[in-house]
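Results of the structural survey
One letter stands for each residue in the lines below.
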Amino acid sequence: MSGPDFLALLPLVLVSAMPVVVMLAIAFFRDHVLAAALTLLGLLVCFASLPFAASYAPRHITPLLIIDNYALFYMGLIFAATFAVAVLSYSYLGMLRVRREEFYVLLLLAAAGSSVLVASAHFASFFLGLETLSVSLYALVSYPSSREKAIEAGVKYLVLAAVSSAFLLFGMALVYGQLGTMEFSGIAEGAAGLRAASPAFLGAIALIVVGFGFKLAVAPFHMWTPDVYEGAPAPVSAFVATVSKGAVFALFLRYFARVDIHQMGSLVLAATVISIASMFTGNLLALLQQNVKRILAYSSIAHLGYLVVAFLASGALRVTAVSYYLVSYFIAMLGAFGVVSVLSGREGDAVDLDAYRGLSSRRPFITGVFSAMLFSLAGIPLTAGFIGKFYVIAAGAGSALWLLISMLVVNSAIGVYYYIRVIITMYSARAEGETAETALSKGAVSLGGGLLLAALTLGLVWLGVYPSPLVSLIQKTIQGLR
Amino acid sequence: MLSLLWLVPALPFAGFLALALFGRRMGAFAAAVGTGSVGLSALFALAVAAGFISSPPPARIYTQSLWDWINVGGFKPGILLYLDSLSLVMVLVVTVVGFLIHLYSAEFMEADDGYSRFFAYMNLFVGSMLVLVLAGNLLLLYLGWEGVGLCSYLLIGFWYRQPENGAAAIKAFVVTRIGDTALAIGLFFLFLNLGTLDIQKMMNMAALRWQAGSAYPEIAAALILGGALGKSAQLPLQTWLPDAMAGPTPVSALIHAATMVTAGVYLIARTNVIFTMAPAVQFAVAVIGAATLLLSAASALVQHDIKRVLAYSTISQIGYMFLALGVGAWSAAIFHLMTHAFFKALLFLGAGAVISGLDGEHDIFKMGGLRRQMPVAFWCFLTGACSLAALPLVTAGFYSKGLILFSAWQSRRAGFWLWAAGIAGALLTSIYIFRLVFIVFFGKPKTAVVKKPGPRIVIPLVALAFLSIVGGFVNMPAFFGVKDVFSRFLESVFPVPPQAASLPETELLLETVSAIVSLAGVYVAYFFFLAAPEYSEEMARTAPGRALGKFWFSGWGFDWLYEKALVSPYRWFARANRNDAVDLIYSFIAAASRFFHYGLSLSQTGKVRFYAAVLALGAVITITIAVLAR
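**Quick word on the overall build of chain B**
Scanning chain B from N- to C-terminus turns up 27 helices and two strands. The proportion of buried residues among the 630 residues of chain B is 56%. If you take every contact in chain B between residues at least 6 apart in sequence, the share linking residues at least 24 apart comes to 80%. Approximately 25,800 Å² of chain B is accessible, and the part contributed by carbon and sulfur atoms is 69%.

**Remarks on the overall build of chain A**
Along chain A, the regular secondary structure elements total 20 helices and two strands. Here chain A holds 482 residues, and 63% of them are scored as buried. The contacts in chain A between residues at least 6 apart in sequence include a share of 81% that link residues at least 24 apart. Surface exposure of chain A reaches about 16,000 Å², of which carbon and sulfur atoms provide 70%.

**Observations concerning the packing of aromatic side chains**
Pairs of aromatic rings are described using the distance from one ring centre to the other and the angle between the two planes. Taken as a whole and assessed by the stated rule, the structure comprises 60 aromatic pairs over all chains. Consider the rings of Tyr229(A) and Phe337(A), whose centres lie 5.8 Å apart with planes at 70°: the pair is edge-to-face. Of this pair, Tyr229(A) sits in helix H10 (residues 224–231) while Phe337(A) is found in helix H14 (residues 317–343), placing the two residues 108 residues apart along the sequence. A centroid spacing of 6.2 Å and a plane angle of 75° characterise the contact between Trp409(B) and Phe416(B), whose relative ring orientation is edge-to-face. Through a chain of ring-to-ring contacts, the aromatic side chains of Phe378(B), Trp379(B), Phe381(B), Phe434(B), Phe438(B), Phe441(B), Phe442(B), Tyr523(B), Tyr526(B), Phe527(B) and Phe528(B) assemble into a single cluster. The ring of Phe529(B) is capped by Arg435(B), whose NZ or CZ atom sits 5.5 Å from the centre of that ring.

**With respect to the interface of chain B and chain A**
Across the boundary between the two partners, chain B contributes 32 residues, which contact 48 residues of chain A. For the pair chain B and chain A, the summed buried area comes to about 3,200 Å², and 78% of that belongs to carbon and sulfur atoms. Our count for the chain B to chain A interface comes out at five residue pairs in polar contact (both at pLDDT 80 or more). When contributions to the side of chain B that touches chain A are tallied by element, the ones reaching two or more residues are strand E1 (62–68), helix H26 (581–603) and helix H27 (608–628) of chain B.

**Re the pattern of salt bridges**
All names here are of chain B. Counted by the stated rule, this structure contains 19 salt bridges over all chains. Among the ionic pairs, Asp 84 bridges to Arg 270, the shortest N-O distance being 2.9 Å. Placement of the pair is Asp 84 in the loop between strand E2 (78–83) and helix H3 (85–108) and Arg 270 in helix H11 (residues 263–270), with a sequence separation of 186 residues. When its relative accessible area of 2% is taken as the criterion, Asp 84 is described as buried. In this structure, the salt-bridge partner of Lys 171 is Asp 243, at a minimum N-O distance of 2.7 Å. Here Asp 243 lies in helix H9 (residues 240–243) and Lys 171 lies in helix H6 (residues 163–194), a separation of 72 residues in the sequence.

**Topic: the side chain of Thr242(A)**
Secondary-structure assignment places Thr242(A) in helix H11 (residues 234–258). Beyond its immediate stretch of four places on either side in the chain, Thr242(A) contacts Ala81(A), Phe330(A), Met333(A) and Leu334(A).

**Some details on a nonpolar patch on the surface**
Residues and elements named next belong to chain A. Together, Val 20, Met 23, Leu 24, Phe 28, Phe 29 and Leu 34 give the surface a local cluster of nonpolar side chains, amounting to about 640 Å² of exposed area. Here the nonpolar patch takes four residues from helix H2 (residues 10–28), the largest share from any one element. Here Met 23 shows up in helix H2.

**What about the confidence of the model for chain B?**
Considering every residue of chain B, the mean pLDDT works out to 86; 96% of them sit at 70 or more. Our summary of model confidence lists the complex with pTM equal to 0.70 and ipTM equal to 0.92.

**Some remarks on the environment of Phe558(B)**
Note that Phe558(B) resides in helix H25 (residues 558–576). Those residues within four positions of Phe558(B) in sequence are excluded, and the remaining contacts are Leu235(B), Gln238(B), Thr239(B) and Leu295(B).

**Concerning the packing of helix H4 (residues 69–94) of chain A against helix H5 (residues 102–119) of chain A**
Residues and elements named next belong to chain A. Interhelical geometry of H4 versus H5 gives an angle of 165° and a closest axis separation of 10 Å. The orientation of H4 with respect to H5, classified from their angle, is roughly antiparallel. Between H4 and H5 lies a crossing whose hand is right-handed. In contact with Ala 71, Tyr 74, Met 75, Ile 78, Phe 79, Thr 82, Val 85, Ala 86, Ser 89, Tyr 90 and Leu 93 of H4, H5 contributes Phe 103, Tyr 104, Leu 107, Ala 111, Ser 114, Ser 115, Val 118 and Ala 119.

**What about the packing of helix H5 (residues 138–156) of chain B against helix H8 (residues 215–231) of chain B?**
Residue and element names in this part refer to chain B. Two elements in contact, H5 and H8, have axes whose closest approach is 12 Å; the angle formed by their N-to-C orientations is 25°. What the angle tells us is that H5 and H8 run roughly parallel. The two elements H5 and H8 cross, and the hand of that crossing is left-handed. Contacts from Trp 145, Val 148 and Gly 149 in H5 reach Gly 227, Ala 228 and Lys 231 in H8. Per-class residue counts for the contact of H5 with H8 are three nonpolar, two polar and one charged.

**Things to note about unusual backbone geometry**
All names here are of chain A. Backbone torsion omega between Ala 57 and Pro 58 reads -5°, so that peptide bond is classified as cis. Here Pro 58 shows up in the loop between helix H3 (32–54) and strand E1 (59–61). Residue Pro 220 follows Ala 219 across a cis peptide bond; omega there is 0°. Along the chain, the position of Pro 220 falls in the loop between helix H9 (199–216) and H10. One non-glycine residue with positive phi stands out, namely Thr 62, at about 55°. Structurally, the position occupied by Thr 62 is in the loop between E1 and strand E2 (65–67).

**Quick word on helix H7 (residues 199–209) of chain B**
All names here are of chain B. Within the sequence span of H7, burial applies to Ile 199, Met 202, Met 203 and Ala 206. Down the axis of H7, the sector holding all buried residues measures 100°, keeping them to one side. Turned more than 90 degrees off the buried face of H7, the exposed positions are Lys 201, Asn 204, Leu 208 and Arg 209. Where H7 starts, the residue carrying a side-chain oxygen 3.1 Å from the main-chain nitrogen of Gln 200 turns out to be Asp 198.

**Points about the nonpolar core**
Judged by nonpolar contacts, the single largest core of 209 residues is most densely connected at Ile433(B) and Phe434(B). In terms of residue count, the dominant contributor to this core is helix H15 (residues 330–357) of chain B (19 residues). With near-sequence residues (within four places) excluded, Phe434(B) lies in contact with Leu382(B), Ala385(B), Cys386(B), Ala389(B), Leu391(B), Val522(B) and Ala525(B). If you look at the next biggest cluster of nonpolar residues, it comprises 191 residues, including Ile187(A), Phe221(A), Val322(A) and Ile366(A).

**Here's the deal with the side chain of Thr82(A)**
Residues and elements named next belong to chain A. With respect to the secondary-structure elements, Thr 82 resides in helix H4. Here Ile 78 takes part through its backbone oxygen, which lies 2.6 Å from a polar atom of the side chain of Thr 82. Residues in contact with Thr 82, not counting those within four places in the same chain, are Leu 43, Leu 107, Ala 111, Phe 239 and Val 243.

**Some remarks on the environment of Arg318(A)**
Residue and element names in this part refer to chain A. Assignment of secondary structure puts Arg 318 in helix H14. With a relative accessible area of 8%, Arg 318 lands in the buried category. Sequence separation of Arg 318 and Leu 253 is 65 residues, and the distance between their C-alpha atoms is 9.5 Å. Leave out the neighbours within four places in its chain, and Arg 318 touches Leu 253, Phe 256, Ala 257, Ile 261, His 262, Ala 310, Phe 311 and Ala 313.

**Some remarks on the environment of Ile178(B)**
All names here are of chain B. The topology assignment puts Ile 178 in helix H6. Given the relative accessible area of 51%, Ile 178 is considered exposed. Between the C-alpha atom of Ile 178 and that of Gly 226, which follows or precedes it by 48 residues, the distance is 8.0 Å.

Here is what the cut-offs are and how they apply
- Residues numbered from 1 in each chain as written.
- Chains lettered and ligands numbered in written order.
- Predicted model: local features only at pLDDT ≥ 70, side-chain atom pairs only at ≥ 80, totals over all residues.
- Heavy atoms only, no water.
- Helix = DSSP H or I, 4+ residues; strand = E, 2+ residues; numbered from the N terminus.
- Buried < 20%, exposed > 50% of the residue type's maximum accessible area, 1.4 Å probe, protein only.
- Contact = heavy atoms within 4.5 Å.
- Areas by Shrake-Rupley, 256 points an atom, 1.4 Å probe, with all protein chains shown as cover.
- Phe/Tyr/Trp six-rings, centres within 6.5 Å; stacked < 30°, edge-to-face > 60°.
- Lys NZ or Arg CZ within 6 Å of the ring centre and 35° of its normal.
- Buried area = accessible area lost by both parts, 1.4 Å probe.
- Polar contact = N/O pair within 3.5 Å; in protein donor to acceptor, adjacent residues only side chain to side chain.
- Salt bridge = Lys/Arg side-chain N within 4 Å of Asp/Glu carboxyl O.
- Patch = residues over 30% accessible without salt bridge, like charges linked within 9 Å, V, L, I, M, F, W, Y side chains within 5 Å.
- pLDDT = per-residue confidence, 0-100.
- Axes fitted to C-alpha atoms, helices over the stretch in contact; angles between N-to-C directions.
- Parallel < 35°, antiparallel > 145°, perpendicular 65-115°, else oblique.
- Left-handed = near helix turned anticlockwise from the far one by under 90°.
- Nonpolar A, V, L, I, M, F, W, Y, C, P; charged D, E, K, R; others polar.
- Arc of directions from axis to C-beta.
- Core = buried A, V, L, I, M, F, W, Y, C linked by side-chain atoms within 4.5 Å.

Right under this line is the structure:
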C-alpha cells in the first residue's frame, strides 16, 4: 500500500482506532463524561477527515476495499448518525444503573463495521464488516442487562442473525465454487459469462439476498425486528434502524449494481415480491399497534420495502433516490427514536401509546419534533420524507415499475393512518378523571438531546424545501457505481 | 440595489415566524415586530424601486433565482423572483399600504386578546401576497395565491368565538376555492400544452404555438379567468366578499380592499398575452366587469352597515378594473388598482375609526353629525369618498376611472355600451358614497363618541388621504399636455393598446361627461339624504321601492339563489347519501386492513424457533423464485 492509499483510508483507520482509544481511556479513567466526550470528538474527527480522503478517491485498496465518493458519502452518514445516537445515549445511560462507559466502545465498533461494509468490494470484507457490526449489536441490544426484555431481544437477534449469516456464507461459498473469485468485479465478469445457464449460481445469489434481507428486515425476514426494537434501549433501536440498515443497503446497492440484477430476471421478480410483501406487512402490522417502538419497527419494515422499489429502478435516478430516501429516513428515525429515548424513564422505555395522550400540552417542543418526524415518515410535503418519496416514485416511473409504484401509493395511504394516529393521540386531551400521571419521564430534556432534536427537525424541513445541495452531493457519488 | 429584492418577501415571513413562535410572550412588542418587518420590507421595496428606475436592468426585467425546489425529468419549478414594472407597482402598493395598515392596527387592535396572533397572520399575508406578485412561475404564484387565501380565511374568522364569523370565513374559503380549482386546472392545462410553468417562457411559447382565437388560448384564458373571478369577487363568485366584513376592519382594508381581492386583476394582466389571443374570453371579462360594477353599485346604495357599503363598493370598483382588462387597457386597470388601493384602504380605515369611536356601531342610521366630533376622520373619509366618486381634477380616482371609461369607449366591440355601463356605475358610485358621507358625518349626532383616534391611527389616514389625491397625477389625460408617466412605465410589460383614431377632443368630451356625472351624483345624494330625506324615505315605502330595496339589499338575491340551487341540494344529497355505496368500498378496505392486521399480528409470536422457521421458509421461497422463474 502506498502513501495515498493510507490517506484515502484515513476515515476507516480513524474509526477503527477510536474503539481502542476509548477502551484504553476507560482502563485508566473510568468516567462517563470522558468516554462520551472522546466518542463524540472522535466521530467529529472521522467526519472531518472525509473531504480529505475524497481528494484521493476513487481508489482500490487491496482487493478488499474501495474508497470512492459513494463509500465516503455513506461513511459520513454513518458517522453523523452514530454521533446522534451517542448524544442520545449519554442522557439515556445516565439514568441506568449499569457500567456505562463500555457502551461507547461497542457503538464505535459497530460504526467501524458499518464503515467497512460501505467500502467493501470483496466477500471477505463484506462478511467481516457485517460480523463486526452484528457482534457489537448483540451486546448493545442487551446492554441494560437487568432488563429481561433486553436480554431476550439480544438472544433472539443473536440466534436469528447467526441463521441468516449461515445462509449468506453458504451463498458466498457457492459463488466462489463456481467462479473462483470473491471480488465483486470478478463475480460481475464471471456472471456475465455464465448468465442464465446456471441454476446453482442463481440459487447462490438468492441465498445472498436472504442474508441481505435479514439485515434489512424486509418481509419475510422481518420477524425479529419488532421484538428487538422493543427490547433494545431506544438509542440502540435508533442505531439498528438507521446505521445498520443503511450500511447494508448501501452495500446491497453497490453489489447489485456490479453484479447487475437486471440481467437476472428471476431475482428481479424475487426482489419485487419481497418489496411488496414488506410494504404490506410493515404497514398492516403497524396499523393498530399500541406500542410506539413496535410502530416504528413496522414502519421501518415498510420503508425498506419502498427503498427496494428505488433499488429495482434503473438509470440515473436510482442512486439519487436511494441515497436521498436513506438520508431522510435516517433523520426521521433518529428523531422519532430520539423522542422515545428522551421520554423514557429508568423503569423502561416510553412505549405505551396511551401514555402519549395529551403530551402536546405538557411537552410542546417534544410533541412538535415527534409530529415533524412522523409527517416526514408519512411523506407529507415540506419534509424531507416527501422529497425522498418523490424521488423513489420518479425513479420507479422512469423504469416503468408500475406494479411496485401502485403498491407504494396504496401503502403510503395505509401508512398515513397510523402516523397520524400517533400525532392525534399526542394532541388530544386526556379523558376526564384521568390523572396526568403517566409512565413518561417528566425530567427536563438534556441540553444535548434538545439541541439534537431541534437540529434534526431543522434538517428535516431544510431538506424538504431546499433539497438541491444534497442532491448534487449525491450525484457526485454515482460514478462510484459504474 | 436590485439584489435586495429577496428581502422584500423574506422580512414579513421572518416577522411571521417570530410572532408565531414567540408572539405570546411578546405582549405589546408584537406590534413593533409585525409593523417593523413590513415597514422594513417597504423600505427595501422603495430601494429596489429606486434602483429599478435610476438604472433599469436590461429589457426592464430583473430576475432573482433563489433555488430550485425540485428538478426531475424536466420539471423544474424554481423559487424565482421576477421583477418588472408591473410587479414593482404591485410590490410598492402591497408594502406601502400594508405598512400603513399595520401601523393603524397597532392601535386599533390594542385591546384584543389575539394581538400577536393578528400580526402573525397579517405578516404571513403580506409575505404571501409578495410571493404572489413576484413569482416568476405559475407554481410559485399559486403558492402565494393559496397563501393569501389561507390568511384571508384565518383573518375573516379572527374573532372565532362568534359562530357567524366562522361561517363567513368558511364561505369565503369555499367560494374562492371554486375559482382556485379552475386556476389549478388551468395550470395543468398550460403545463401540459406548453411544457413550462415559467410565466415569460409560457407567454412566448403560447404566442408561437397557438393561433389567436383558437380553442387552446380560449380554454386557458377561461380557466385563469375562473381563478380571477373567485379571488376578485366578480360575478358569479362575488357573494363571499360582503360577508367577509366579519373580520377586523384593518383586515378588510388590507385584504378585502387594497391587495388580495385585486390579485385576479394582477393575474389577468400578468397573462395578458393569453387573453389577447382569446378574444371571446377577453370580451367576457369586459362584460362581467360591467355587469358586476352595476349590480354591486346598486346594492351598495341600500346597505345599512357601513362596511357592507364599502364591500359592495370594492366589488364594483374591481368590476371597473375587469372592464379595463376586457378592453385591453392593461395599464389603466393597474392604474385603477393602485388608486383604488389608496382610497379604499383610506375609506375602510376611516370607517374603522368611526366604528371604534362609536364602540363597535356598524349601522349608519345610528350614526350622524360626526363631522364635528371626529374632524380628522371626517376630512380623511371625505377625501377618500371624493376620490372614489372621481370628483374632477383633484382626485386620483378621477384620472384612473376616466382612463378606463375612455378605453372602454374606444373598444371595437360594444364600446358604447361598456362605456355607458361604466358611466351609469359612476353615477351610482357617487350617490352611494356621498349617501354614506351625508348620513354618517352630517345631520344630528345619534350615538356618543367614546374614543378619539390616536396618532397611530391618524398618521396612516393622513398618509393615505395624501396618496388618494396625488396618486392620480402620475397619469394625466393627453389634453393636459402632460406625459402619461404611469402608462409609459408599464409599456415594457403590456402591448400597446389598439389606438382607435380618436382625438384628444373626444377624450376631453368624455372626461367632461364623467365629471358632470360624478358631481350630479353628489348633488343627488345631497338632495335625497341630507336636504330632503323624506323623498327617499317615501320612495322606499312604495311597494316597488320596497321590493327593489330588499332585492338590492340582499345583493340581487345571489345568496338566496345559491342557497336554493346549490347548497340545499348538496346538503340534501349529503344527508341522503350518509351511508353511501361509494363509502362502502373504503369501509371494505379499512375492514380488510384491520383483518389483515390481526391476522399478521398472530404471526408475531415472540418464539424464536417460529421466527427461524419463517426465515427458512422465506429462503426457500426466494430460492424457488430465483431458480424456477428464470
